[in-house]
Structure formats: C-alpha cells, structure tokens
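Architecture and fold: a report
If you want the building blocks of each chain, they are given just below.
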Protein chains: 6
Amino acid sequence: MAMFDLPLAALHDYRPALDEPADFDAFWARTLTEAREHDLAASLTPYDALLPGVQVFDVRFRGYGGQPVAAWLILPTVRSGPVPCVVQFIGYGGGRGRPHEWLLWPAAGYAVLVMDSRGQGDGDTPDLAGDTTPHHSGLMTRGVLDPELYYYRRLFTDAVRAVDLAATLDDVDADRIVVAGASQGGGIAQAVAGLHRRVRAALIDVPFLTWFRRATEITDSYPYQEISVFLATNRDRIADVFATLGYFDGVHLAARGTAPALYSVGLMDDVCPPSTVFAAYNHYAGPKTIQVWPYNRHEGGGSQQAPVQLPWLRDQLT
Amino acid sequence: MAMFDLPLAALHDYRPALDEPADFDAFWARTLTEAREHDLAASLTPYDALLPGVQVFDVRFRGYGGQPVAAWLILPTVRSGPVPCVVQFIGYGGGRGRPHEWLLWPAAGYAVLVMDSRGQGDGDTPDLAGDTTPHHSGLMTRGVLDPELYYYRRLFTDAVRAVDLAATLDDVDADRIVVAGASQGGGIAQAVAGLHRRVRAALIDVPFLTWFRRATEITDSYPYQEISVFLATNRDRIADVFATLGYFDGVHLAARGTAPALYSVGLMDDVCPPSTVFAAYNHYAGPKTIQVWPYNRHEGGGSQQAPVQLPWLRDQLT
Amino acid sequence: MAMFDLPLAALHDYRPALDEPADFDAFWARTLTEAREHDLAASLTPYDALLPGVQVFDVRFRGYGGQPVAAWLILPTVRSGPVPCVVQFIGYGGGRGRPHEWLLWPAAGYAVLVMDSRGQGDGDTPDLAGDTTPHHSGLMTRGVLDPELYYYRRLFTDAVRAVDLAATLDDVDADRIVVAGASQGGGIAQAVAGLHRRVRAALIDVPFLTWFRRATEITDSYPYQEISVFLATNRDRIADVFATLGYFDGVHLAARGTAPALYSVGLMDDVCPPSTVFAAYNHYAGPKTIQVWPYNRHEGGGSQQAPVQLPWLRDQLT
Amino acid sequence: MAMFDLPLAALHDYRPALDEPADFDAFWARTLTEAREHDLAASLTPYDALLPGVQVFDVRFRGYGGQPVAAWLILPTVRSGPVPCVVQFIGYGGGRGRPHEWLLWPAAGYAVLVMDSRGQGDGDTPDLAGDTTPHHSGLMTRGVLDPELYYYRRLFTDAVRAVDLAATLDDVDADRIVVAGASQGGGIAQAVAGLHRRVRAALIDVPFLTWFRRATEITDSYPYQEISVFLATNRDRIADVFATLGYFDGVHLAARGTAPALYSVGLMDDVCPPSTVFAAYNHYAGPKTIQVWPYNRHEGGGSQQAPVQLPWLRDQLT
Amino acid sequence: MAMFDLPLAALHDYRPALDEPADFDAFWARTLTEAREHDLAASLTPYDALLPGVQVFDVRFRGYGGQPVAAWLILPTVRSGPVPCVVQFIGYGGGRGRPHEWLLWPAAGYAVLVMDSRGQGDGDTPDLAGDTTPHHSGLMTRGVLDPELYYYRRLFTDAVRAVDLAATLDDVDADRIVVAGASQGGGIAQAVAGLHRRVRAALIDVPFLTWFRRATEITDSYPYQEISVFLATNRDRIADVFATLGYFDGVHLAARGTAPALYSVGLMDDVCPPSTVFAAYNHYAGPKTIQVWPYNRHEGGGSQQAPVQLPWLRDQLT
Amino acid sequence: MAMFDLPLAALHDYRPALDEPADFDAFWARTLTEAREHDLAASLTPYDALLPGVQVFDVRFRGYGGQPVAAWLILPTVRSGPVPCVVQFIGYGGGRGRPHEWLLWPAAGYAVLVMDSRGQGDGDTPDLAGDTTPHHSGLMTRGVLDPELYYYRRLFTDAVRAVDLAATLDDVDADRIVVAGASQGGGIAQAVAGLHRRVRAALIDVPFLTWFRRATEITDSYPYQEISVFLATNRDRIADVFATLGYFDGVHLAARGTAPALYSVGLMDDVCPPSTVFAAYNHYAGPKTIQVWPYNRHEGGGSQQAPVQLPWLRDQLT
C-alpha cells in the first residue's frame, strides 16, 4: 500500500519507549576519548577541479583508531574571513565522490567538509577493522555481534572527529558548524548531533539507522533488510544483534541532541519508514522542526529540500 | 496482501463524510449550461462493418466547448420501433474501438451509443484543451491545478451530451436511456447518473475516479498513481490538486444520483480499491444494488457481469 | 530485446526441415477412426441468454473416447436457410465461456460452434484420461511421455469431431465450415485443417503448439515453459518428450493443410514466438496469407484482426 | 511489509472458532474404512543406490482406492533389532526423489519411509482419479467441488496407509512411528496425527493446508493462490469450495491430534502465513511445542530445524 | 544479457545508411525561419536563491510559435567581462528545476542557460499545441502522425531559439556558446548542433531521440517504448510514424553537425542503446570524440563525466 | 531467451585463447609456499550431532596466512581401514553448515572434509584480511585491485591446504582424495585440481569463477554482477580488475588440471553461463567428461547429479 505506515496524526504522537543499554553514555564517552587520543593529523592538499569559483582541498585526517579518513574541503573562492562550515555525511554505499558534486554550500557562502564513509564509495577510505564476526554481504551487519566491533562505532567516531577537524580550520568559524546528510548521512548527522556539543545546527533528511527493530519488522527494503537477512541465517543471535544495535540506534542518539534540527520525512518511504523517522524526531531533545513530504518515498524533498534548508540555516547561523 | 482493504462488513458501513466544494452544483450547472449552448450538430454516417445483424453509424456530435466527439451507434438490424439505448463509456486509455466489439447490447435488443474518450484510444477524438498547467504523463493530472481546466470536466461534459444526443435519436426510446461502463467508464457512468436527470438506469462496474484521496493513500497502482507521481514532484500543490478533484470525485457525484444503479466491485481490486467503490456506493442516492466479487481484482465480474446485468436491466426497462 | 526473434526477412524464409514420426499419418488415421466409432450423440438444448438477436443452444457431443464435450451453438435469429459455420477453438486455460462472448460470427451472418476445451475453463468438459504419467502442473505435459496418452491427442480429436458435428447440423451449410482460433485455439484450428478434409477455410491467429523444440529454446514464457519446467525435472526424458510432441507439432500438421488459411503473427510475441509461427506457415500446404503485426506481442492483431478476417472470409465463402 | 501478519503475542492467542462439517468424523471414518478394505499388498524391492551405509528398498503399497503408491524405505545398514520409523511426507510439487536425499533419519538410527505424493514429483505414483470437476492448473483445486473427489482425500488416505504399512515392517518398531514433513508435508503429517492413533510423535514444519479461508484472504503466494485463482473464475462456487475444504482443513485435523507434536513457523512466511499455522497449533489437542523463527519466511528453520528435532524426538522415543 | 547490443568493435563501424526525408533541410529552414519571425522578447528577472556565489535570473523568451519558454540564467557573481555560456537541455520528463541544481558551469566560470522543456517538469512552460492526433500517454507520440505537429518540432525549435537568446546576452561571449545535455538533453544538444551555426562545442551524453527504428526494435525500455506501445495499437500507422520521425532523427541531425562534439555512451544502456548512439556519432560531421563506459547503463559516466568534459571544454573555448 | 548462450554444438568447440599473466605459475607457487610455511596445526574435536551412523569432528586448521579455517570431518562410523576422502567446497555465500547436511559421502563409504569459506556462511571462519581497497558489497571485488590482496587468493589457498590436511588424516587414504563442489564450490574444486598434485579426481558442478570477462558481458545475474557493479562505479579500473582476475580465472586453472574430472553444466544457467563453463572444460588438461543438462539453470543436475557422480567416482577410486 502506498502509505503503508502509520497515518500522519499517529506519527506525530509516535514516541516509543526507549530501551537503552545501561552503559550507553559510558560506551560513547570511552569510544570518543580513545579516538581523540590520536592526533587529527589533518592534511589539506590543494586540488585542481577546474572550478575557479571554489577552492578545493583533498583532506586526510585520523578518525576511529587513528585510521586515515578522506574528505573534501570546498570553500567559496571569494570570502571575507571565516565562514560557517557544513560537515556533510553520505548515503549508504556512496563516498565523498567528486568535488563538483558539492557546490551547494559554497555557493551559499559556506565551507563544506564532505567526509568519506569508510569502506564505502570509491575506496579512498578503507575500513581497516577486518571481519571477525560473521556478517551478511554489506556493512549493516559488519561486527554486529559486538558493540565494540560494530561498523557504525567506527563510522560515527570518524564523523565526530570530522567536526573536531572543522573546528580547527583557519577559514572556518568554529562556532558555526553544521552537520548534514540524507538517509545514512542523516543518521550520521543525527548521531553526531547527539554526541558532539559543538554542533550549531543539524540537517537530518530521511534518516536511516533509526529504530532498528521496527524497521526490520515493517519493511523488506534494503539496507535494513541486510539485518533481516543476517537474522534469517543467524537465527540464534537475534537478541545479541539488537543488543549491539541499541548503542547505535538513532532513537537513543536523537534523545541526546540539543542543537536546532531540521528533519525531513517521506510518508511513502519504504527504505526509512516514517514511523522510524518520527520515533527519533519525537525523542529529539533540541529545538526541532520536520518537513513532511506526503507523496514521497525515500527521495523525500529531493531538490526541493535545499530551498527549505537554506533560509532555515541562515536563521540559525545569524 | 490479497484482501488488502477493509473487510467486507466494514465496507458495507464505509460512508466517509463528504467534503464538497461549496459551489459544486453551481460549477456543474454552469459547465453544462455552457456546453448546451453549442448545438449537438450530430452526424450519423452509415458504416459497413460487414456485420449484417447490426446497423452501424459512425457518429460525431459536439461535446464540451462545442468540440467534436466521435461515437458508434449500433442498433439491431431487426427491430420494431424505438429501442432502449445504452450509452457506453470506456476504460482508461481506450477509445470507442471497432463496432464488432460492441455487439452485446444490440444482441439484447438495445441500441448502444459508444462514446469515444477525448485524447484516449485511437485518436478519433482529440482533446483540444492544450496543456496550460503542468501534468504528469497521462490524463489524470491534465489541468488538475484548476477545476476549469481539468481534463475530466471536458470528458464528463461530453458524456452528458452523449445522453442528450441519445434522447434525440429516432430509433431510440428517450425514456429508456441507460449509462454503463467499467473502471473509468464506470466512473463516467456514475458521474452522468449524478448530473443528468434523463438517466433511467446505471450500470457502474468497478468505478474509477472515486474517493481520490484515499485511493492515492491506499494503492500504488495506475492510474490513481498518476496523481501520486504528480504530487511527488509538485510537492507544494497537494491542497490545490485535491481542491480540484473535489469537483469530480465520484463520491460527490454518486450522492446526486437518483436512477436505479447496479454496481460491481472486486474485493482484491488494487486499481479501484473496494473502499473507494463502497464510499461512492454507500452515498449513492438512488435505488441500488452491488455485486460483490470476493476473489477478483480489477476485472470484477468479467464475462459473468453481463449475465447479472441483463435481467436486472430488463427489469428496470419494463 | 523487443524483437528478440529472427528479422522479418529471415522469418519469411524460415522453413526448417521436418522431423516427423514415421507413422505420423497412421497414428492420426487410427486415432480418428477410433473416435468416429463412437456416435456423435449430439444434444442441442435451447439456452436463454436474454439475447433475442441470437439463438443459443447448449450442446453436448461425443469426442475422443466417446467422452462428452460441451459447446455452444449460436446462430443469428434471423436467417434464411443454412448458414456457414465457424468452429471456434479457445486459448489455453479458457473454456467456451458464456454465449454473449461469441456474438461476432452470428452478427456476421454465420453460425458459430464454440467447442469447450476438455479440462480447461469452467469445467463443463472434464478430461477423463486421468494421470498415468508424470506431468508438471498444467496440461502441456499431461501424458507427454506417450503419444497415445498425450492430452492433445484427445483435444485435437474432440476438435475434429466438432467439425463432424457442424456438418450434421440442419441450419449449417456443410460445405462452408470454417475453423478458427487464436493461440491454443489457433493451434487447434491449424491441426484440424491438417486432419479434416471438410474444412473450407482456416483462421489461425498467433498459433501455439507449433515447433515445440525451438519454442522451448527461445522463450521462457508460459505455456511453452511448462514443457521446459517438466524437462528440468525429468532430465532423462527429453528425447521421449519430443518424440511424443512430434505427433502434435503444428509444423507437421500445417504441412497437411489444404484449405485456404489466414494466419496472423506478432513480431514481438514471446508466448508464440514468430519463428515458430512462420515455421508452420511456411510449411502450410494450402493457399495462405499471413498478417504480420510488427509491434505486437501475443495479442497479435487484437480487435483489428476481425476487420481483416471478415472480408477475407466472405471471399472464401462465396 | 516484512512481518505482514499478526504480531507474535497475538499469534499465541489466535484460536479462531472452528466451523467443522457436521459429518467430519463420519466422513473420515468411512474414507479410511474403505481404503483399508484393500490389502496393503506391500512390495519391497532392494535398490542399489551405491550407498553401503544404508539399506534401500523401492516400495509399493496400496493407498486410496487400492491404487499403487510408491515409497522409499531406507534403514541404517548396521542396526540391532527393530528401529523407530519416520514416515516422511513431501512438500507441494515434489515426490519421493532419490534415496540419497533421505539420509538424515537413517544416520540418526531410524528407518525412514518416504511416501510419494500421488500426481506430484517424478511420476512414480499417478493420481488415478481423473478430472471430473473443473480445476485450476495445479492440485489444490482438483475435485474441490466435492469432498468425495477432492485430491487431498486421496493423498491423506495414502498417508494413513503409509503409517499402516510402517507398522507391519519387520525391521520397524511399530510402537515408535513418527510422522514428519514440511509445508505440504507438514500439513499431511498434521492430518495423519489427527486421523491415526498409532502416531507416536509428529514433526510439523511450516504446515500448509491449514486455515484455508484466511490463507486466501491474507496472501497472494502460491499454492494457496491456486484456490484464489480458481475462485476468481468460478465466482459462484465460493461456498462450495470452502464447504469441501472444511473436511481437509488442518485446523480441524489438528484439533484431533493427540500425539506429542513439535511445530515450527516463520513469522515472515507468506506461503504459509503464521496466523494459519498458529490457528492449527493453538487447536492441536496433544502435548505440543512450537519453534518460532522470527526473521524467516517459508524456509522456517531450514537446516537448523533438524538440530531442534533430533533431541526432541529422542526424548519422545525413549 | 548484460551487453545486449553490438560488440564495441562493431559499434565503432556501425554507420547505417541514412534514409532522410527529401525535404529535411527545407522543413527545418522553414520551421526556424517562422520561429524567428517572433521577437525573442526575453525577460530576465533577478531571483534570490539564497546563493550569493551566483547571480540568478528567471528568464522567459519566445520559442516555437512565439510561445513563452522559461529558463534559468545563472552566472558566477564574480566575473570579468563576458563569459562563455552553456545552454543546457534536460532529460525526458524533467524541467529546469531549481537554480541550485545548476552550479557546475558557474563554478567553472561559465554562464549556464537552463532551458525548460515545454510540457515537461514542473510546468513553467506549457506545450500549447493541444492534441490533434492520437498519442500514447507521454510526449514521444504527441503529434507523431504529422511532422508539422510533432512535439519535438516545437521543442527543438525552442532550443535553437535558446541559443539565439544566449548570443544576445550582455554578459555572454557570443562566440563561445556551448550546447549540452544528457539523454533527451543530449538528443536536443545534438539536434541544435546540427541546426545552428553558432554552436562552438557540443556535449552530447547518452543521447536519446536517435535512430528511432532500431531503438524500437532492440529495446523494451521507456521512453522509446512509448513509440512501440503507440504502434501496438495504431497498427496501420507504422509507416506514417517513421516518416514523421525521419525529420527528427538524431542520425540525420548529427550528419549536419560541424562544431566539435564530445559524446558519451554506456555499453549496457538499454534506454539509449549503444548502437543508436554510435549510429549518430559515426555520422556526426564535425570533429568528435566519444567516451565509452563499458559497464554502465543509462547513467553513462555519471559524476565522472564532468571531469572528462571540463578539460575538453576548456580546450575548445581557448 | 531460454537458451541465451551459444548452441550446444558451438559450446563443445568453444575454446577461447587464454590470456594468462606472465607470472601466473610463479604467483601461485609463491603463494602456496608461503602458506605451507605455516604448520597446519589441525585440531579435530569430536562433535555430537546425535547421528550415530557417522563420526563427526569439528576441525580447525591453518590456511592462508596461517589463519584458522573451520571444517567438518565426517566419517562412516563403521569402516575398515582408511577411506577415500571427498574435500567439499561450498557455494557462494554459504559456509560449512551443519554436519547433518553432509551425509552423502559417508553413506557412500567415504570421509568428507567440508571446508568453511572464510567470511561467508555462519561466521566460524573470519576473513582477516581487512579492506584495503575499495570493493562493492560482497566478496567478488574484495581486494580485486591487487592480486596479492584479492579474496580468492586466500580462499583458494585455504582449499589447497584443506587437501594437505586430508592427506594427513589417519582414517583417510591419502591416495584417494577427491575435490568436489558446485558453483563457487565447483570453481574452488577446479582451482585446486589445477594447483595440487595430490587430487585423485574432481567433481566440478556448474563452476563459478571462470572466464570472468565473458561472464560480465553476457549475464546480469549475481554474483558475477558484483564485478559489473563495481566497474560501473570504478570506471577507470577495468583493466586493473581483469589483470587481477587473470590469476584466478578458472580457464587458466583448468588448463593446469590433470586429475580425471567430471563436470556438469546447465544450458539455461544464467548464473554461470554455459559458455564460461565450457571455456574451462575445453581447456581442462586431464581426462574429463561433462554432463550436460539442457533444460536446467544453475541448479544443473540437482539431486540427479549424485547418481551420476557415485558410479563415476567409484570407477576412479578402484
């Protein structure tokens, strides 16, 4: 059915009880402390993208475990003093791509720091953790039997460190750092908003990685389906898997977010079903607003989301 | 799921509150008055279909805006005096086809007037309105941002005029004019039953164009999906679209029908979901009966519907 | 690919070498002789279809093994003397249906005798042979390991007897009996044209049951796929199956047809691929013409085929 | 939706009211009495499968109507005295296959008697009843308009006789006969558990043939869909069909089972939806336990089911 | 099959004989002359997209028949003197979208003029021609029975006028006008390169509207399939349709192109099959190069195409 | 099309020219030498599968890089002296499973050593190499940019070491070691037959990992499609990928096989197309025979393959 999830009125009230691991905050405090023991060791190499309107740097910094993470830093060529910086996270399976794909924020007068997703995309950022637990093809179940080893522990930590990096950049106004992303990128932005005090605003579009159990019960679509397929084979590890996912569930992370957040959701989204988005949104602890797209699927607002975000963001940053 | 809509008992009680435009009746009164200012200017050209058992005429008359509309008039060759006339409307995408496709009613002793659907089928009847508002591929959204320009304003008006035409024909008994159709044809028949006092009986099979909003929320199937696809792109026009559709919604039109009506519905119909059919049926204001086909989809009664209709119709016409 | 089979020019030249069983003619002579040892025992019961324009009889006659076969006989109510009779065969899975589905030929001034297909359709004609050899779901492989037991031996024999029956009817002109059908019906018509001297003309649309081996190698579509699925399991019976099918292959039967025949074919037909149709057509031994529909699939000419057939048939019968 | 049926908690409470035919028990008593009037006439022919670890016999015995039914009897070559015997039934469309497919129970120290399903599989066991009522392609509707003629009357009777046969075998301990199967095989095992007092234990995996009406309303998947397709054409026989199915519905048969039973179910099973399985399980009248596989479809426990069954079965048999 | 079209070596040699209408050049000369009799009447309204890095104008000009066409003109805010201008055409079904979608060329230091496609996209540019011939849903067959009325006559003419417009703009260097587009946009760019002498360079990605007949014979994918579907119904108009398409076929237009062109093609592209692209490329009359993407479908080079285009274009423009 | 690849006669002649890396043999000699520098360090732990007919050991040994690899060793409980041993490899995505799935060879009187596939299946054998090059989801492209790092270097080496292990086992006759597998397992068996002198016979069913380039060009099916998807994104690495695959291509490995081999192939197999199988088979350097299954897809002989293998293997081993 077209609108297969709860009706909109029920979505606005959908605030399921949280079931957080007892040591959730300790887990993340320890994880981030360990990561910060590694120097960022950022390198910014000028990159000629044949685009004189922007200044492009090929960036490397140290993320989880001190492992190298790639990024693009792209700034408007013409600027007067430090500019706000959008730290941009990427959808599932993709990477930082090419600089010319990230011209929106520089045209708006901001810097953008586009973080590569380890082990995804074109391979500038390997995921060095190896495979020490069984997992289904894909990343959703890599290390899922142990919170210490789960893939998203590493990726979320990289993302926190990307914000750390942005705050150190000469051309960036460290008080105006924004996190942004759609789908997996929205899930990461949501996580960082819950884990990093320096976030000034969050743009969280059709977020993935949120309210895992319901997601696996209500949709057959990938990538949540990677978890279901794993559990179809590893029939005796269901409790273990959800125990791990509890440390990474967007519902728990949203409940720790305090920066203003602009969410979006598609009411026909079978990839990130609206009840999973609203579960997080309704728990989000900061000022918030949500853009509902009734007849859209996972594309959400598509190219109409930026016109919603630009004025909202301008208001947050001034 | 096979029976994805409401259970049958709930369908019989499903009578959603109407939300009619305030000027609904004025809109249609004005529309039809304007159309009737054009002379019907009917032409009936004998057509040799190599079928001696019937008499076939290739018909043209003036419909909406005085624009030409094609039709077939087919009568039993052997008849004694004026006969009842079934005005037949066509499913979405089709046209009046070939005369040999319309032999049922003549074999039953009736005339049949098969109205072409403008802009559909083989092209004997163009839709001359042009495209002055955006629309998705297909006709469901042609002009949908303005009730004056909406495609079905023109098509429903053509249909009313077809009944006007039937009443003028020498060989037709003007007191025994029936409207009939399935799917879009059923939606048109339902509309004409609500708009034209001369209708003696209505055969409304698996009607389309009925209870639009729920249809777009409960099914992904075409042609309702054309509306959803349009709204997925024209995200800011949702209210406008449904404001327009309010003038054409079968639920509102059914509530104005007074002639005896025989409906049919398939409980597994994903094209015209049963709740949309029952919404109209339960509001239908005349004597009515509905043939429920529990294990059928949009084919409804298929070739078993005619054996239901023939005796019912005989009873209405005698 | 859209036109996945041979190009049209090659199709016109496609005349594969025949590989007939040595006793092909003896097999059929014996089969038909045995069937004709049973009296036709025809019964014609008037049937009130509420269609005064036609006269309808519910027919039973004895076909293969003297087993009862149902049919409809439908004649124009107004007629002067015996009329030509079209013996109509049905597509796979269907049966004789309802009388109102067969109004074309009576409107054209002919009788039509619509033969039920044993074991198909609504069940007025059971297939009494039982299952003594393995077969995949469906009829294509029922008895396929033995020519004596193969389903189509019984069905083709029924069809020959239906022509016998037509020739005995008072209202039918026994010199003007036509066989007609599409898909399986076309395959049956083609078979009867090869097996019965009394056929005056044959209308063979998109015939099925023709050039079996190539069909199974070039298409995945049902019903030919039933054979492939059977052979996928019965891996050691491939030669046996094709040995049986040799007695029923439309290529072999067409090579024995002498009455004028009007074929049709769709160049994008994946159900009855064009090379299988042309293989039979090019071997057909009587006067012949073929209507090629380049952009059509298994629907072939659809409702445009009758306008091609009516004048051709008129010419044959006068 | 992934978990499209009732939530697990509701499934445990799902115990729909039974609607049994008044003569249900009489029907089955008569049916089995008639069958037992035929001598079993068992033949056991040694078969060289090139597998020295097991002793294989190609078996024939007389089932329904005294008609021959094939089976494999496979015993561990090394054994001391009579062994328990698992009577194994097969999933829809399959047959007894090859001996090397049935090595589990012999490796566990049991005999296995693998009963062929008449008219299914490779064809060692024809279904001799013929087709005297209409049916859709497939077996689900063969004879479905008459309980006397319904296919599963014959197949269930064969299965009861297979247990009779097992009890007569020299190498089998007649007090330790187990019935087992998955899907159709589970449905047969469930039926035999309800019809035969000699069953010591039942292994009923993802059973089919259970709670037919709901199955046809909640799933589009085959083989239940065969019934829906039949009813889509035979629109006027719905009540007749369910009247027949009442004699064969697993819910009614389960309510008569008394031997200990181990069920399994997949919560995402669209072929045998979990509510249909629980409907039977909750009515099952003997000691029972159910293995729930939350993220599995019709594969249920797959290769992890045997490790669940082996210790359970050992406990039942000692 | 993955690479379903000709092998790469054969593609490089694939140069099918042209079959141009005799009055091809006269047709287009007359068409363009008529269009140029209407003043461009360009209006450029500043538009605040909240993107200070670029200067945006909402443009209207008069295209075919003097009818209004919308466009975006986007220039780098910082520039010294007139800049080259890329006239950008859009893929099938889309429109000019939002300004923030067109930041590539301004970032590269060029102006971009993004032409709306009449009757497509969000509706800023209606197609005022009305429907005077039958057409299948979609634009591919709108007016296809008459070259004068065919949709692409209007759209190609709009595109020629867009180049005319670009040449009049103060901030644009009229000697450095580039046409660009992918899919339908590539087909339009190819057409304009063949029809307008002022084009300095052409970027033609995976072009559509090229070698129509083969396209309909080799692929089932939309939008070429719109033609096939039309011909499946309008069985008697095949020759007429291809007669019309001859005036618009990219193969004929490419043969008239003289500006340097950079093509791209995906060898697995089922939407615009590689043989149809190479047919045009091999006939293209100017300097040319083609970027082959062996493992890509209709996405062609995707985001890797711009890095190929930027240096090539820089070389053409200096 | 059903038989989409070359006709059978052409397949028997299909022997494409090899394009081996110059250092192919050196690469493998070095790889295996390095692996053998690690002690096998085999552990055999008795495992109670509740199957008294067999003796089961949970095995660990050191494979590539000295990393631990899991296996099952299953022997007939009753045996007299050392038995032949089948080293069994597994299809893509699966692992060694449960002991009760591997009862065929013990029932035939042989031992079976079932090797887990690192990083596949239930996770008893992790793939410790980490991800240092980009790869698409799935294993086909893990490390594919560097022969040293490619996943199958590790897996093939594990497999060679599994044969080494088998030869050390007390209960195994080291002169009668057989390699066997289907799909990926067939590809591994084929590789080991080319890399290990101790192989006495090879059972190679529908082998995967063979003639990679053609496979990616002729089929869209997974897992070969993983390579195509990778190349669709990594457009500039096509040559690098095939350079790596050259070291692992079954065609090159088959050309080094000398033990008798029994192949099988399905002529409709879209997963491992027949031309890729025959390319290897025709290059295979030892005595060989191939079982052709004309109407089968990737299931090949299914359960009918064992009855072919058992007598063939008995002949090889005596």
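So, here is what we can say about the structure in this document. (Residues numbered from 1 in each chain as written. Chains lettered and ligands numbered in written order. Predicted model: local features only at pLDDT ≥ 70, side-chain atom pairs only at ≥ 80, totals over all residues. Heavy atoms only, no water.)

1. Things to note about the relation of the copies chain D and chain A
In plain terms, the rule: For the least-squares superposition of copies, only C-alpha atoms count, and only for residues with pLDDT at least 70 in both.
When chain D is fitted onto chain A, the two copies agree to an RMSD of 0.0 Å after a turn of 120° and an axial shift of 0.0 Å. Taken together, the turn and the small shift mark the pair as related by a three-fold rotation axis.

2. Details of the sheet that holds strand β3 (residues 68–76) of chain C
Residue and element names in this part refer to chain C. As a reminder, the rule being used: Any two strands between which DSSP finds at least two bridges are classified as paired. Each helix is a run of H or I in the DSSP string that is no shorter than four residues. Each strand is a run of E no shorter than two, and both are numbered from the N terminus. For helices, the fitted axis covers only the stretch in contact; all axes are lines through C-alpha atoms, and the angles between them, taken along N-to-C directions, range from 0 to 180 degrees. Whether two residues are in contact is decided by their heavy atoms, any of which lying within 4.5 Å being enough.
With respect to topology, nine strands assemble into an open sheet ordered β1-β2-β3-β5-β4-β6-β7-β8-β9, the strand pairing being mixed. Each having just a single partner strand, β1 (43–46) and β9 (288–293) make up the two edges of the open sheet. Here the average twist between neighbouring strands, direction ignored, is 20°. Pairing of β1 with strand β2 (residues 54–62), which is carried by four bridges, proceeds in the antiparallel orientation. Directly across from Thr-45, in β2, lies its bridge partner Asp-58. Sitting on the sheet, helix α4 (residues 151–168) is in contact with β2, β3, β4 (83–88), β5 (111–115) and β6 (172–182), with an inclination near 155° to β5.

3. Here's the deal with the interface of chain C and chain B
Test applied: Put simply, buried area is the surface a 1.4 Å probe can reach on two separate parts but cannot reach once they are joined, added for both. By definition, a salt bridge exists where a carboxyl oxygen of Asp or Glu is found within 4 Å of a side-chain nitrogen of Lys or Arg. The definition of a polar contact used here is a pair of N or O atoms within 3.5 Å, where within protein one atom must be able to donate a hydrogen and the other to accept one, and adjacent residues in sequence count solely through side-chain atom pairs. For this classification, the nonpolar set comprises Ala, Val, Leu, Ile, Met, Phe, Trp, Tyr, Cys and Pro, the charged set comprises Asp, Glu, Lys and Arg, and every other residue, Gly included, is treated as polar.
Each partner contributes residues to the interface: chain C has 22 residues there, and chain B has 22 residues. Surface buried jointly by chain C and chain B totals about 1700 Å² across both partners, of which 70% is contributed by carbon and sulfur atoms. Per-residue buried area on chain C facing chain B is highest for Leu-50, His-100 and Ala-107 of chain C; these three make up 29% of the total on that side. On inspection of chain C and its partner chain B, the count reaches zero salt bridges. The tally of links between chain C and chain B comes to six residue pairs in polar contact (both at pLDDT 80 or more). Per-element accounting of the side of chain C that touches chain B gives the leading share, five residues, to helix α11 (residues 305–317) of chain C. Here the side of chain C that touches chain B is built from residues that sort into 13 nonpolar, five polar and four charged.

4. Observations regarding helix α7 (residues 224–233) of chain B
Residue and element names in this part refer to chain B. Let me state the cut-off plainly: Relative accessibility decides the category of a residue: with a 1.4 Å probe and only protein chains considered, values under 20% of the type maximum give buried, values over 50% give exposed, and everything between is partly exposed.
Burial analysis of α7 places eight of its ten residues in the buried class, the great majority of the element. Where α7 is concerned, the buried positions are Tyr-224, Gln-225, Glu-226, Ile-227, Ser-228, Phe-230, Leu-231 and Ala-232. Packing partners of the buried residues in α7 comprise α6 (212–218) and α8 (238–245).

5. Some words on the sheet that holds strand β8 (residues 261–266) of chain A
Residue and element names in this part refer to chain A. Read from one edge of the open sheet, nine strands run β1-β2-β3-β5-β4-β6-β7-β8-β9, paired in mixed fashion. Each end of this open sheet is capped by a strand with a single partner; those strands are β1 (43–46) and β9 (288–293). Averaged over neighbouring strand pairs, the angle between their axes works out to 20° when direction is ignored. Strand direction decides the pairing type here: strand β4 (residues 83–88) and strand β6 (residues 172–182), joined by five bridges, are parallel. Bridging from a neighbouring strand, Gln-88 pairs with Ala-180 of β6.

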